[in-house]
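Summary of the model geometry
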Amino acid sequence: MSAGPLIARTVPTLRRALDNLRKRNATVALVPTMGALHDGHVSLVRLAKRRAGRVVVSIFVNPTQFAPTEDFGAYPRTWKADIARLAAEDVDIVWHPGVKAMYPEGFATRIVPEGPALAGLEDRFRPHFFGGVATVVGKLFTQCRPDVAIFGEKDFQQLRVVAQMARDLDLGVKVIGSRTVRERDGLAMSSRNVYLSADERQTATMLFRAMKESAGRIRAGEPIAPAMARGAEMIKAAGFALDYFELRHAEMLVPVTSSGDGPLRILVAAKLGTTRLIDNIAV
Ligand code: PAF
């Protein structure tokens, strides 16, 4: 283990630290996070280390991607534990700006993504979300100028939005998706899982089971509509309020009508009590 990552809280400090890394010709990977790190984030960091010589992890709970009714205030903040985890992974730099460093007085520019950001999935229920994500990730990319950036596949639409933005704006960064890390019972790891009560935590595993059920039926040749309806029923019967349970083209995120229209992805979002969970699997 090293002495720990260099922690940058201002853009000039970050730039100096990055210049030092680059003087030694290091390639740089960025792992953008909002902290509250779990094993899923650690897997992103490990993939980053395989893809570049040096790793920067950003920790910033981005207010612009939360609606006023959402959990910005309550979002878990576990700074000390996060830094200990990143030190154990030999991360080089932690970029941890305050809200004023990221959005200084007078800030007036936003990135408004289209294409996958308007696929009718998360955007239908969180219309503010991808504008906030694209703007902050656009800033993180220009601040850190990474060669590669790693995003979890758990936020599948976000991964597509960010990859499209990097291409469209010639940001010079290769966006790489990293496999979802799951608990032993299949629940996708998420910083928001801490909101679940013990009972909800048991029920939460139904999302993965329902996706697997529908995927299995589609693979076995069952028509899409009844196969997807079965998964949706399982989720509702378990007590979730379902936002969507959809089969989409894995690249374009457009709806599909035949299992030959692949590659296919099932994506789900549902609320258990006050906790909203999202997940997805390949078919
Ligand atoms: O996925 C997240 O944790 C966030 O949406 C991200 C990409 C760090 C932007 O704030």
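Reading the values: the criteria
- Residues numbered from 1 in each chain as written.
- Predicted model: local features only at pLDDT ≥ 70, side-chain atom pairs only at ≥ 80, totals over all residues.
- Heavy atoms only, no water.
- UniProt positions renumbered as here; feature names shortened; annotations may be inferred.
- Helix = DSSP H or I, 4+ residues; strand = E, 2+ residues; numbered from the N terminus.
- Buried < 20%, exposed > 50% of the residue type's maximum accessible area, 1.4 Å probe, protein only.
- Contact = heavy atoms within 4.5 Å.
- Near = heavy atom within 4 Å.
- Polar contact = N/O pair within 3.5 Å; in protein donor to acceptor, adjacent residues only side chain to side chain.
- Areas by Shrake-Rupley, 256 points an atom, 1.4 Å probe, with all protein chains shown as cover.
- Core = buried A, V, L, I, M, F, W, Y, C linked by side-chain atoms within 4.5 Å.
- Pairing = 2+ DSSP bridges.
- Axes fitted to C-alpha atoms, helices over the stretch in contact; angles between N-to-C directions.
- Parallel < 35°, antiparallel > 145°, perpendicular 65-115°, else oblique.
- Nonpolar A, V, L, I, M, F, W, Y, C, P; charged D, E, K, R; others polar.

1. Some remarks on the UniProt feature "binding site: beta-alanine" (unreviewed entry) in the protein chain
The feature "binding site: beta-alanine" (unreviewed entry), as given by UniProt, occupies Gln-65 in the numbering adopted here. Inspection of the secondary structure puts Gln-65 in the loop between strand 3 (54–59) and helix 3 (79–88). The class for Gln-65 is buried, based on a relative accessible area of 8%. If we ignore the near neighbours within four places in the chain, the residues touching Gln-65 are Met-34, Glu-70, Arg-126, His-128, Phe-129, Gly-132, Val-133 and Val-136.

2. Comments concerning the site of the ligand
The full set of residues close to the ligand is Pro-32, Thr-33, Met-34, Asn-62, Gln-65, Val-133, Val-136, Phe-151 and Gln-158. In this structure, Gln-65 approaches the ligand through a side-chain N or O atom, which is 2.6 Å from an oxygen atom. With respect to the ligand, the side chain of Gln-158 contributes an N or O atom lying 2.7 Å from an oxygen atom. Surface burial for the ligand is 89%, taken as the share of its 290 Å² of free accessible area covered by protein chains. Where the shell around the ligand is concerned, the elements lending two or more residues are strand 2 (28–33) and helix 6 (129–144).

3. With respect to the nonpolar core
Core analysis: the biggest nonpolar cluster contains 33 residues, and Val-56, Trp-95, Val-137, Phe-141, Phe-151 and Val-175 have the highest contact counts within it. Ranked by the residues each element gives to this core, the list is headed by helix 6, at nine residues. Contacts of Phe-141, omitting those with residues within four sequence positions, involve Leu-30, Pro-146, Ala-149, Phe-151, Val-162, Met-165, Ala-166, Leu-171, Val-173 and Val-175. Grouped together as the second largest cluster of nonpolar side chains are 27 residues, Leu-196, Met-228, Ile-266 and Ile-281 included.

4. Overview of the sheet that holds strand 7 (residues 241–249)
Pairing is antiparallel in the open sheet, where three strands are placed in the order 7-8-9. Where the open sheet ends on each side, the last strands, each with one partner, are strand 7 and strand 9 (275–282). Averaged over all neighbouring strand pairs, the angle between strand axes comes to 10°, with direction disregarded. Pairing of strand 7 with strand 8 (residues 264–272) involves eight bridges; the strand directions are antiparallel. Of the residues in strand 8, the one forming a bridge with Phe-245 is Val-268. Strands in contact with helix 9 (residues 206–219) are strand 7, strand 8 and strand 9; relative to strand 9, the strand with the most contacts, it is inclined by about 30°.

5. Quick word on the packing of helix 1 (residues 11–23) against helix 6
In the contact formed by helix 1 and helix 6, the axes pass within 9 Å of each other and the chain directions differ by 50°. In terms of orientation, helix 1 lies oblique with respect to helix 6. Contacts between helix 1 and helix 6 involve Val-11, Leu-14, Arg-15, Leu-18 and Arg-22 from the former and Thr-142, Gln-143 and Cys-144 from the latter. The class makeup of the residues in the contact of helix 1 with helix 6 is four nonpolar, two polar and two charged.

6. Observations regarding the side chain of Ser-191
Along the chain, Ser-191 turns up in the loop between strand 6 (174–178) and helix 8 (198–204). When its relative accessible area of 8% is taken as the criterion, Ser-191 is described as buried. With residues near it in sequence (within four places) discarded, Ser-191 still touches Gly-35, Ala-36, His-38, His-41, Tyr-75 and Pro-76.

7. Digging into the environment of Val-161
The topology assignment puts Val-161 in helix 7 (residues 156–168). The class for Val-161 is buried, based on a relative accessible area of 3%. The spatial distance from the C-alpha of Val-161 to the C-alpha of Val-173 is 14 Å, given a sequence separation of 12 residues.

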